[in-house]
Every structure is written in structure tokens, then in C-alpha cells.
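Chain by chain, the residues:
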Amino acid sequence: MFDTFPLWPTRASTTAGSVDALFIFLVALSALMSLAIFTMITVFAVRYRRRRGVASEQIEGSTALEVTWSVIPLFIFVVIFVWGAVIYFKERTPPRGATEVYVVAKQWMWKLQHEEGQREINQLHVPLGRDVKLILTSQDVIHSFYVPAFRIKQDVLPGRYTTAWFHPTRAGTYHLFCAEYCGSQHSGMIGQVVVLEPAQYESWLSGGGASGTMASNGQNMFQQLGCSTCHRFDTQGRGPNLVGLFGKPVQLEDGRVVTADENYIRESILTPGAKVVSGFKPIMPVFQGLVSEEQLNALVAYVKSLNPSPSGAAGGPTVVPSGAKPQETKVQ
Amino acid sequence: MATAAITAERENYLNQEYGIKSWLLTVDHKRIALLYLLSITFFFFIGGFFALLIRLELLTPAGDLVQADTYNKLFTMHGQVMVFFFLIPSIPAVLGNFLVPLMIGAKDLAFPRINLLSWYLYIIAGVLMLHCMLTGGVDTGWTFYTPFSTAFSNTKVIEAGLAIFISGFSSILTGLNFVVTIHRMRAPGMTWDRLPLFIWAHYATSIIQLLGTPVIAVTLVLVVLERALHLGIFDPTRGGDPLLFQHLFWFYSHPAVYIMILPSMGVVTEIIPCFCRKRIFGYKFVALSSISIAVFGFLVWAHHMFVAGISLYAALIFSALSYLVAVPSAIKVFNWTATMYKGSITFSTPMLYAFGFVGLFTMGGLTGLFLAALGIDVHVTDTYFVVAHFHYIMVGGALMGYLGGMHFWWPKISGRMYPESLGRLAALIVFLGFNLTFFPQFILGYLGMPRRYWQYPPEFQVLNVLSTAGATVLAVGYLLPMVYFLWSMRYGKVAPDNPWGASGLEWMTTSPPPTFNFDKPPVVTWEAYDYEHIPAPQEARSGG
């Protein structure tokens, strides 16, 4: 019965629990408020229905009452607002050390790549009990990545990254929907999120047949495109040294200070003139239209991997020194 | 044809002149109201027909009744027709047009010719929209989100955009006319604190129309230019920003919801005191709440964009502001309820619609609290939860108010009474049909069914079948009034001047009113809703 006619969505992430708790609170509150109003209306309608010889009583109003029924709801609203904001704040802040998956949406499919290099289409395998961060972008129109069982949704925009994250708490297969109307086959742009036990996930991951991690693919790109000519790993390059860049504040030529997040790296590759680092000349060529979204993701993953931070979240900073020097001379 | 009954009638705005020209070139606000009534009813049934096709398609999980592209056009044009060609003009352009001058004791609107112009603009826009629909239609969703609308859709986006652009001018001119009329044309003694609250509601609405509509007009022009000339305003590959469109669009389209619901609140605020034989509870607070809804309504637009990629802090601010706008709405509901206290209540058709309005608007408003809560919005935005919520406000609220108003003022407009028991039956059918159609959609939405889906996973079917069943009931409820209104124009009992024993200047002139509304310009020496001085009607008591 409940498989064919469910009344409550599956709860398969940590977020789902907190969203449901607020939702249940609001359902109870709404039921209470509407019950109160509808009871009053019914009681008044019966009690004060027209009767011969009984006239209505003219009442002008009551400022005290007006203030009461403005302030009490306002107070309740503040509580709801704060509660909802706390959940949202967590939803929008991916924890450190999360497994990263890059998502490219296009009419009408989901292309996903794990940082370990595995690619998937319309399917996402993730391990139970680990934080998973999604870095999403679109190749064409706006889409929206929606997994009802996790209670998460994030629009996927062309020309920039958005991020989302979840922590699966229950193994199983769940709906992945596109939630932003995107054209003819919008309702066909669906897929599955498969949450596996960690051991199963490891075996799935090793059976993927991926050719290298995203960071190592990105490293190859970095050399093929000649990026390494200027972005050297010392202070002599014509472009800034990228080691340790990710997540740090960057002083720009025009005086602004920005944080080097995924979107900053992305923008600096596609339209380098937009944000020039202080002390450098705007000589880098524009890569807009020259690299695909997947290649761009690999480059971003590589730049992120250049962080020597001991957190170990990104994939393998050890590969850096080996390929850097020889490539520099080759391109010259 | 011209029987004794008609010739015996006093001269009024309907029988003063005959012939098609006397209608198409009229500058009488009451005749223009009727022109609007005909045209918006036409578009209502077109939009309703699309809705019925949508519901039939969703009867089964597979996409089997129409093609995917056809389905996308159906929900797009359902939205565009219902929002821009029915709901926005509905109460203001029909009831407002008819009643604003009557209620304030004026002989017409301030600019009668502009009033006619605004109808012609509406018709030009409507014809363009019809042409667009008949020659292929448009599939962007009523929201026109970029870059889909500007670079990817291969349907008639430009034509639909222009149609809505033109209809916007019609809306602006109506708003302008009302603002000037309310300021300048009030009868002697009709001070601001004696105005019927219907007028206050229309004043607030007009302000939104004047300030908001130009923004959607500019936005649509940008979409058209971007599509035709590839300017790159919304195109990220040219340095544009697709989110800019959403900000501009919702800057108008959120306040537009208040263009639809405020006049309806105005109607209900007239009906409830009349059928309680009581003055409204908290006149000043109800009037002020209309104005504050109009003002706060402009500050909440980004609550449509919590998952769209706006910053965390922007989302927090817009969520908080959204709760502020809920307060004046709550104030209204409490005041309507309090008005019933110690009243002398009768349950005529308009009152049943008013009850329906309060019930459905309350539910729509409460579910708005869910959507304004950031954490929950992430899950339910762009699902059927949103679809259910805004139909509770825009159909359950705005349309119930419109129908209630049509029944309340029909005797004044047509000079005839409609059959009361059929009226009550239709109100009941609409209420039940509406809830059956849209309540299951709240559950569907929380389960995660996205909106604008042509096909869906099979576990959502039971709720969709319920919803479709409700839609057919609702259709009957909407057809009934149209039939008996038409019937009543010929066979209905002749209406007395004030069949409900209502307060308000419109009831002090004849039914239907003469062309210049009042034989003698009225002088007002009393407050609005002074029901202690107005005898209850004999007519309504027998019930019909």
C-alpha cells in the first residue's frame, strides 16, 4: 500500500530529519491556527445567525486586540524564521573534507564525475555515512538538482558553479529530479542517487575504469594548454603561483580582495581579465569557449589539489612537483 | 423584444443607447466594466480549458495524452492567460471599474477616455496572445526564465512577450485612473476615513500597478531584445547574468500576487459587514494593512530564489521580510472574523463565497509560512507544494473573491437577481472542488513531485487522480454561475435598488444605475458601514 501511495517522503540524509522536524512543527501550528479561526467562524455563524428581534451590536474595534494579534503572530514568525534559517545555513555550508562530485547538467541529462575520476550519467553512487559535496554547473539553461529523500535542491546555472552537500544516512536508491523547467524533456531529466555501504562503494569505485583522478587529468590539461608556462611553482612566473591558492584571499590589481573559491578559479580561466591579481599584468589569454565544462572542472580540481594542506581532502598534491619543471621548458 | 417590462424601466446605463457602436465607443465606466467582463470571461475559459487538459494529462504517470512539447505549452499558456489576461484585470477592471466611481459618489472615472484606451490595449494584447497561441504558442513557462527563453526555446517568445508588454500598459492606465479618481473625485463629505475598504484595497492595488508594471515591461523588452539581437544581458557566455532576469521578473511578479489578492480582500470586506449587519471591526487597521501589504510586497521578491544561487545573506534578509508581509494579511483575517462577533448573520451566496475566501486564503497564507522558512523552501520550492500554495491564494483567494463580488453586485450591474439557491449550490461546489483539486498537491509537493512535469513516477498517481477528479468538479462550479447569470439577465427577478440592505453609495442609486450614476450628486455625512441606520432587506430574508 505505502509503496504505491506514500504520504511521507523517505528520509535518507541528516538534512531530511531537520527539515521534517520544522515541517511537522509548522503543520501542527497551521492546524492549530486554522482550527482556531474556523472554530470561531463556525461558532459566530451559529450563535449570531439572524434572529427576529435580535439586532447586531455595533463594535468599532479594539486597538488592544489589534496589537495583540499582530505581535503574537510576529513573535511566532520570528521563531519560524530563525529555525528555518539555521537549517538553511547548514544546508549551504559544505563541511570540510567532504567527498567532491562535479556535476554538469545539460538538456536533458546529468553528467557526474567523482574526484577519483569515475564518470556517471543520470546516476550518482555515494557512500553511506560520508559527506558528499556537489559542485554543479550547466552547459546550457538553468536546471535544478533535487533529491527529495535528502530534502536538498540547488539550481544549476550556466557560467558559474553552485554547490550543495548531503550526508546520506540510509542505503538505497532515491529519485534525482530536475526541478527547474528546462525545455521539452524536463520531466525526463531524472536519475537516481544510489547510496551504498562503504565497502560496496569502494568496490564500485575500483571497478569504474576511470583513467586517473580529476586532479591528474587537470594536471595534464594544465600542461597541454600551456598554463604551466606562466603559472610556475616559484616566484619567477609571469602569472601567480597557484600552490596553496584555493580558499585564500587574493589581493586584486584594482584593490579588491576576493576569496579564491571554485567560481574565482573558473572565472580566472575563462575570462582572466575580470579579476587581475595585484602585481601581475593582464596578459593571460581568454579560454571562454575553448575548454568544455568537464575540462574546466578537471582544471579546477587540479588547482584545488595544489593546496599542500594536510587535510587530504583534495586528490593528491604529491603529483605536483614531478610534472612541473620539465613541462615548463617543453612549451618554451 | 422591447417588451413593456423594459420600456417601463427607468433610463439607465444599459438601455440609454443601443447598438454595437454605443458599446465600442463608450466612455461610461460601467459599460467599459462590462466590456472587460466579457473579455476576461472569454480568457478565463481558455485558461480553464488548458488547465483541464493539464489535469487530464496528469491522470496517468506516462505522458500519453499530449506530446511533451504540447504539455509545456499548455502550462505556459495556462499561466500567462490566467495571470495576465484574467486575474490581474479581473476585479480591478470589472468590479473596480464599475464600482470605484459609484462608491465615492463620482459620475465617472477621472479619465474616461483613458479607461476605454486601457480596454483597447487589453484587447490588442489579447488578440496578439490568441494569435500566438493559435500559431504555435510558447513553452517557456509563464516565468520566461533566461537563458531558456532568450537562447533555447524555439517557440513564439517574442510575440507572447509583446502581448504581455501591451497588456501591462492597460494595467498601468487602469491603476493611474483609479489613483487620480480616488484622490480627486470623491463626493463632498467622502473623506479618506469614510471610504469603503474596497476603495482602500483598490488604491493599494493601483499603486502596485503603477510602480511594478513598468518593471515587468522593461524586463520583457530586454528578453525580446536579447532574443532578437543577442545583447548578452542575461547570457553568461557574454558576461550577462541569468539571475538578473529572475530579480527583475519577481520584482514585479511577486507584487503582482497582491494585485490579484488585494482587490479580492476589498470585496470580502464589503460582503462580510453587510451580511453581519455590522460595521467592520478595526476599519483603520484593515485600511492600513492594505497599504502595508502593497509596500512590503515590494521587498520580498527574492524569496522565489532561495535555491537559485543568491547569497546566503540575501536569502536570510528576504526570508525575514517575507514574514513581515504575513502580518498585515493575518490582521485582515482576524478582523473579518471579529466582525462576525455579535452580528446578525445571514448566509446568502456572496457571504458563502466570503466564508470560502477566508478559509482558502487562510490555508494559502499559512502554507506561505512554510515557503518563507528557508530550510523548508529548499525542499518544496519548484514542487507541487508551491503550485498548491499559489492556487490557494490566487484561485482560492482571488477567484473566490471575484465570484463573491460578482454575486454581490450583480443586481446592481444587471438590474436582475440571480437564482439564490443555485448560487449557494455553486459556491459549495466551487469550495469542495477546489479543495479536492489542490489539497492533494500539498502532499505531492512534500513527497517531491516537481512542477511542470509531463510524466512522473507511478507512486504519485493516486494523488494526481484525486486532483484531476477535483478539477472536473471545480469546472462545474465555474460553469454554473455563467449559465444562471446569463439566464437571469432575461428571466431573473427585477432587482431592487438595494437588495442586500447594504451600505455604500452604489446602493443609493438605481439598479442598474443611470449613465452618470446619481441623479443628484451625493453628499456624505456618515461613516462607512453604518449598518445601525440601514434596515435589513425584506428581499434577502425570504432567501429566494
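Residues numbered from 1 in each chain as written. Chains lettered and ligands numbered in written order. Predicted model: local features only at pLDDT ≥ 70, side-chain atom pairs only at ≥ 80, totals over all residues.

**Remarks on the overall build of chain B**
Inference 1: When you go through chain B residue by residue, the secondary structure sums to 17 helices and zero strands.
Inference 2: Taking 544 residues into account, the globule formula puts the C-alpha radius of gyration at 24 Å, and chain B, at 23 Å, falls close to it.
Inference 3: For the C-alpha atoms alone, the extent of chain B along its principal axes is close to 70 × 45 × 45 Å.
Inference 4: Each of the 544 residues in chain B was classed as buried or not, and the buried ones make up 62%. (Helix = DSSP H or I, 4+ residues; strand = E, 2+ residues; numbered from the N terminus. Rg over C-alpha atoms; globule rule 2.2 N^0.38 Å. Buried ≥ 20, exposed ≤ 12 C-beta atoms within 10 Å, placed from the backbone.)

**Quick look at the packing of helix α12 (residues 349-372) of chain B against helix α14 (residues 384-414) of chain B**
All names here are of chain B.
Inference 1: Where α12 contacts α14, the axes come no closer than 8 Å and their chain directions differ by 160°. The orientation of α12 relative to α14 falls into the category roughly antiparallel. As α12 runs across α14, the sense of the crossing is left-handed. (Axes fitted to C-alpha atoms, helices over the stretch in contact; angles between N-to-C directions. Parallel < 35°, antiparallel > 145°, perpendicular 65-115°, else oblique. Left-handed = near helix turned anticlockwise from the far one by under 90°.)

**Comments concerning the sheet that holds strand β7 (residues 152-156) of chain A**
Residues and elements named next belong to chain A.
Inference 1: Here five strands make up an open sheet; going across it, the order is β4-β10-β9-β6-β7 and the pairing mixed. Each of the sheet's edge strands pairs with one partner strand only, and the pair in question is β4 (123-127) and β7. When the angles between neighbouring strand axes are averaged without regard to direction, this sheet yields 20°.
Inference 2: As judged from the five bridges shared by strand β6 (residues 143-147) and β7, these two strands associate in the antiparallel manner. Paired with Ser-144 across the bridge in β7 is Asp-155.
Inference 3: Together, β4 and β10 (191-196) form the strand contacts of helix α3 (residues 198-206), whose direction differs from that of β4 by roughly 130°. (Pairing = 2+ DSSP bridges. Contact = placed C-beta atoms within 7 Å.)

**Regarding the packing of helix α4 (residues 68-104) of chain B against α14 of chain B**
Residues and elements named next belong to chain B.
Inference 1: Across the interface, α4 lies against α14 with an axial gap of 10 Å and an inter-helix angle of 25°. One way to sum up the angle between α4 and α14 is to call them roughly parallel. Of the two elements, α4 crosses α14, and the hand of that crossing is left-handed. Touching Leu-87, Ser-90, Ile-91, Leu-95, Phe-98 and Leu-99 of α4 are Met-394, Ala-398, Gly-401, Tyr-402, Gly-405, Trp-409 and Ile-413, all from α14.
Inference 2: When grouped by side-chain class, the residues that make up the contact of α4 with α14 number ten nonpolar, three polar and no charged. (Nonpolar A, V, L, I, M, F, W, Y, C, P; charged D, E, K, R; others polar.)

**Some words on the environment of Pro-236 of chain B**
Inference 1: Its location among the elements puts Pro-236 of chain B in the loop between α8 (197-229) and α9 (242-276).
Inference 2: Distance in space between the C-alpha atoms of Pro-236 of chain B and Gly-397 of chain B is 39 Å, their sequence separation being 161 residues.
Inference 3: If we skip the residues at most four places from it in the chain, Pro-236 of chain B touches Pro-158, Gly-159 and Arg-160 of chain A together with Asp-241 and Pro-242 of chain B.

**A few points about the domain arrangement of chain A**
Frequently, the measure chosen for interface size is the accessible area that the parts lose on association.
All names here are of chain A.
Inference 1: Annotation of chain A at the domain level lists domain 1 (1-41 + 63-211) and domain 2 (214-331).
Inference 2: Domain 1 and domain 2 are separated by 31 Å when their C-alpha centres are compared.
Inference 3: Here the side of domain 1 that touches domain 2 is composed, by residue class, of four nonpolar, five polar and three charged. (Domains from an automatic or database assignment.)

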